[in-house]
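Letter by letter, the chains look like this.
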Protein chains: 2
Amino acid sequence: MVEIAVMGYGVVGSGVVEVLTNHTENIAKRAKEEIRIKYILDLREFPDSPFAEKFTKSFEDIVNDPEVRVVVEVMGGLHPAFEYTKRCLEAGKSVVTSNKELVAAKGAELLALAQKENVNFLFEASVGGGIPIIRPISQCLAANDVIGIAGILNGTTNFILTKMIRDQMGFEDALALAQKLGYAERNPAADIEGHDACRKICILASLAFGKHVYPEQVHTEGITDITLADVEYADSWGGVIKLIGQVKMQENGQVQIIVCPMFLSRASQLANVDDVFNGILVRGDSTGDVVFYGKGAGKLPSASAVVADVIDCVKHFKARKYLFWEDGTPDYVQDYRLDVVEMYVRAKAEDGNGLKKVEEVFGKVTPLARKHAEPGEFAFVTQAMQEKEIDQKLEQLEVSGIEIVNRIRIGDF
Amino acid sequence: MVEIAVMGYGVVGSGVVEVLTNHTENIAKRAKEEIRIKYILDLREFPDSPFAEKFTKSFEDIVNDPEVRVVVEVMGGLHPAFEYTKRCLEAGKSVVTSNKELVAAKGAELLALAQKENVNFLFEASVGGGIPIIRPISQCLAANDVIGIAGILNGTTNFILTKMIRDQMGFEDALALAQKLGYAERNPAADIEGHDACRKICILASLAFGKHVYPEQVHTEGITDITLADVEYADSWGGVIKLIGQVKMQENGQVQIIVCPMFLSRASQLANVDDVFNGILVRGDSTGDVVFYGKGAGKLPSASAVVADVIDCVKHFKARKYLFWEDGTPDYVQDYRLDVVEMYVRAKAEDGNGLKKVEEVFGKVTPLARKHAEPGEFAFVTQAMQEKEIDQKLEQLEVSGIEIVNRIRIGDF
């Protein structure tokens, strides 16, 4: 029998306890050991819980108990999750977490510590909830060089965009609906401003290319500026708008990484990933494109991913899982303004000569149309060029009296 | 250093050699050992190959060499692949295979032998080519009960159906094109009659539910009877026709399993899996629906899956992978005529009263229409009922003078 502790009895934590309780027999069969929860750490009281006697408010109970061999960290947030995780690893305990903030900020350090202590630090649930993605990338794709990854990594924003696309709901209304349905938090900033997706693409990038990318190195744009006008132009272009986290390895050894809304062609395998679902496309040199799709969050999907990691820890007390990346460096991420992209631009011109002026500056562009365009409004897609060149040209247009209202990158997958 | 042998130098075998050669360093890093090919078994001569000195025509060279610790079986076919695999396992060597026929026919026996000999028998490449699916089902979903699996498991038939749907190409023309492009063999029976998909759903069913399902237990229909008329009716119903392998666990402990063309709603996550791509939907009680998508075959995708298994063998010489299912039983699979389905039916009646007669027998049905229907032709979708009841009712209709031309099940995922 293996004893474990669960730190945090929120949505995922209570799910972990539920999955371990409801699948005890199957899990014991797969882990070849019975897994028993000895402690649940939470500052709140749960007197009526069937697990009441397992609750503790003291982290010291857990870290000092040599019987506890695996600790599940599902508290969320960076502190004290980081300090607790560190101390558990130092105490020779394996740690499983669903905490993307922790892994994105401290992954390299904690993986190095786990390696030193000869224990495991696993985090399948930190990206894609119940979708297996960390393990497939690290194992199944071991014989591949990953070329790039692109993903719809945040269910809340995908729900909002889906409502805007399908039901012509405005951004504010769609956000309010997401909050009402419990998909978005009262303070939705982490989701709608792209920070959550950013943490996840940092984890995937670090894993796929073996070197830590930190969230503050990644240019991140959310979806708060997307309007129904943009949705309609995307439709006329032949696609949809999705919030994408994307990373590509370049020949010079730097990665290109960004989080932003993108136009995706309807033929893209990610274009039909709707509602709260996540989809992650991994491009390998041998496999070609492989896509993983499912619920990216939620109590039971995330909990089942955590429990699968716990089982893996129990099975690998001797043979450590190979999961590792080295520390990052400041010059590892290419300045996003050097990325070459096509750009959708929505603009306004007083006279009817907007597109003519645009083509004087940009050369040939693809004009887009929508019904009920406002007076003077027009939109187009540029040819592929470096972002800084696009910036310069748009500034030129503004000087000549054209108002640039919005701009969205075109995805190429 | 670990020495391995590759049995069979066809498409996948040469791909395995290529991947091992091109990714030597990365693979050594991941396996924590250098992996070296000592033998390649093939009856043909390859005098100009850079690996010429590794070729042997004698299986005995491999099985009797104690330095060979992992054997890759990519010969295909049941014999002598089965005998060779058995002898390698008995000699204490781990075996990795891409051979779905072997695993579908002999999986339980070979897994039991591997367990007894304390070696590994791995077969990630046998289903879905380069798509990680065996490992995610067995590991990541360890904390789930799988409810069911449905998949587009054969790229050749999916290519043919895609051509019929998108380009209104007839079945024969689409097959000829697939053969010309190298997607279909000169004798395409295994693909177009559903046997290949059947082997794959047998492997997935055996793995997900822990008990072997043999191909001869599975009702299997191919796509040779699908016509453009059916494609058009599917379109008017709101979907597409796909060849599906499907399994569901029932409360009575029997599985429901079938391979056949199905109508899939356009909203299904499998409806957009086109061309030679495969897509596999796994429904878990905790994760909900998780979908895996990618190239289901091909030299490098399959080879990279084989090599990932080889790496896993090398990392698990001590800790065996938990991959196991027990032998099957004759009563484990429910008679498919007891399955409850909705059925699309295309029929012909001399008089104009076809649908009226249908509703007298079936009760309410959903009539479908298409342009350019032939005189007397009509089509409808029944309500959900047991297949044997549908059979009886269709016989009744035939007695009353209605000709039943085709019938296709409606997928419910």
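It should be noted that the structure appears before, not after, this text.
Predicted model only: the values in this text are computed from it and were never measured.

Caption draft 1: Fine view of the overall build of chain A. Broken down by element type, chain A carries 14 helices and 18 strands. The C-alpha atoms of chain A give 23 Å as radius of gyration, which agrees with the globular expectation for 413 residues (22 Å, within 12%). For chain A, the spread of C-alpha atoms along the principal axes amounts to about 75 × 45 × 35 Å. A total of 413 residues make up chain A; the buried ones form 54% of that total. Relative to all contacts within chain A whose residues are 6 or more apart in sequence, the contacts with residues 24 or more apart total 75%.

Caption draft 2: Main features of the interface of chain A and chain B. Opposite the 43 residues of chain A that make contact, chain B presents 44 residues. Elements with a minimum of two residues in the side of chain A that touches chain B: α2 (24-31), α6 (134-138), β12 (288-295) and α12 (299-315) of chain A. Residue classes in the side of chain A that touches chain B are distributed as 22 nonpolar, 13 polar and eight charged. Pairing of β12(A) with strand β12 (residues 288-295) of chain B, which is carried by four bridges, proceeds in the antiparallel orientation. Bridge pairing in β12(B) places Y293(A) opposite V291(B).

Caption draft 3: Fine view of the relation of the copies chain A and chain B. When chain A is fitted to chain B, the best match, at an RMSD of 0.0 Å, comes from turning it 180° and sliding it 0.0 Å along the axis. In the structure described here, the two chain copies are related by an operation that fits a two-fold rotation axis. No C-alpha of chain A lies nearer the rotation axis than that of F292(A), which sits 2.5 Å from it. A shared interface surface links the copies, since 100% of the contact residues of chain A are contact residues in chain B too.

Caption draft 4: Local environment of the sheet that holds strand β3 (residues 55-56) of chain A. Residues and elements named next belong to chain A. Strands sit in the order β3-β2-β1-β4-β5-β6 across an open sheet of six strands; the sheet is parallel. The open sheet is flanked by β3 and β6 (121-122), the only strands paired with a single partner. Taken together, the two bridges between strand β5 (residues 94-97) and β6 define a ladder with parallel strand orientation. Note on β6: the bridge partner recorded for V96 is L122. Each of β1 (2-7), β2 (35-41) and β4 (68-73) is contacted by helix α1 (residues 11-22), which is oriented at about 160° to β2, the strand it contacts most.

Caption draft 5: Up close: helix α13 (residues 354-362) of chain B. Residues and elements named next belong to chain B. Where α13 is concerned, the buried positions are G354, V358 and F362. An end-on view of α13 places all buried positions within 45° of arc, on one side of the element. Turned more than 90 degrees off the buried face of α13, the exposed positions are K356 and E360. Where α13 is buried, its residues meet β14 (343-348), β16 (377-381) and α14 (387-399). Looking one or two residues past α13, G363 carries a phi angle of roughly 70°, positive in sign.

Caption draft 6: Expanded view of the sheet that holds strand β2 (residues 35-41) of chain B. Residue and element names in this part refer to chain B. Sheet architecture is open: six strands sit in the order β3-β2-β1-β4-β5-β6, paired in parallel fashion. Looking at which strands have only one partner, the edges of the open sheet turn out to be β3 (55-56) and β6 (121-122). In terms of strand pairing, β2 meets β3 through two bridges, oriented parallel. Along β3, the bridge assignment pairs L41 with T56.

Caption draft 7: Geometry of the environment of F362(B). Residues and elements named next belong to chain B. Along the chain, the position of F362 falls in helix α13. A tally of 21 C-beta atoms within 10 Å means that F362 is categorised as buried. Separated by 28 residues in the primary sequence, F362 and I390 place their C-alpha atoms 8.3 Å from one another. F362 has contacts with T382 and K393, leaving out every residue within four places of it along the chain.

Caption draft 8: Highlighting the environment of G363(B). All names here are of chain B. Among the structural elements, G363 can be located in the loop between α13 and β15 (366-368). Its 11 C-beta neighbours within 10 Å are what place G363 among the exposed residues. Taking the C-alpha atoms as reference points, G363 and K200, 163 residues apart in sequence, are found 37 Å from one another.

Caption draft 9: Spatial organisation of the pairing of strand β5 (residues 94-97) of chain B. Residue and element names in this part refer to chain B. Residues of β5 alternate between two faces, with S94 and V96 on one and V95 and T97 on the opposite face, all of them buried. After leaving strand β4 (residues 68-73), the chain enters helix α4 (residues 81-90) and then returns to the sheet as β5, a path that is right-handed. Taking the sense of rotation as the criterion, the β-α-β connection linking β5, helix α5 (residues 100-117) and β6 turns out right-handed.

Caption draft 10: Looking closely at the packing of α13(B) against α14(B). All names here are of chain B. Look at α13 against α14: their axes get within 10 Å of each other, and the N-to-C directions meet at 140°. Compared by their axis directions, α13 and α14 come out oblique. Read as a crossing pair, α13 and α14 show a hand that is right-handed. Taken together, the residues of α14 that come into contact with α13 (itself represented by K357, V358, V361 and F362) are K393, Q396 and L397. Grouping the amino acids of the contact of α13 with α14 by side-chain chemistry returns four nonpolar, one polar and two charged.

Conventions adopted
- Residues numbered from 1 in each chain as written.
- Chains lettered and ligands numbered in written order.
- Predicted model: local features only at pLDDT ≥ 70, side-chain atom pairs only at ≥ 80, totals over all residues.
- Helix = DSSP H or I, 4+ residues; strand = E, 2+ residues; numbered from the N terminus.
- Rg over C-alpha atoms; globule rule 2.2 N^0.38 Å.
- Buried ≥ 20, exposed ≤ 12 C-beta atoms within 10 Å, placed from the backbone.
- Contact = placed C-beta atoms within 7 Å.
- Nonpolar A, V, L, I, M, F, W, Y, C, P; charged D, E, K, R; others polar.
- Pairing = 2+ DSSP bridges.
- Least-squares fit on C-alpha atoms with pLDDT ≥ 70 in both.
- Axes fitted to C-alpha atoms, helices over the stretch in contact; angles between N-to-C directions.
- Arc of directions from axis to C-beta.
- Right-handed = clockwise from strand over helix to strand, strands pointing away.
- Parallel < 35°, antiparallel > 145°, perpendicular 65-115°, else oblique.
- Left-handed = near helix turned anticlockwise from the far one by under 90°.

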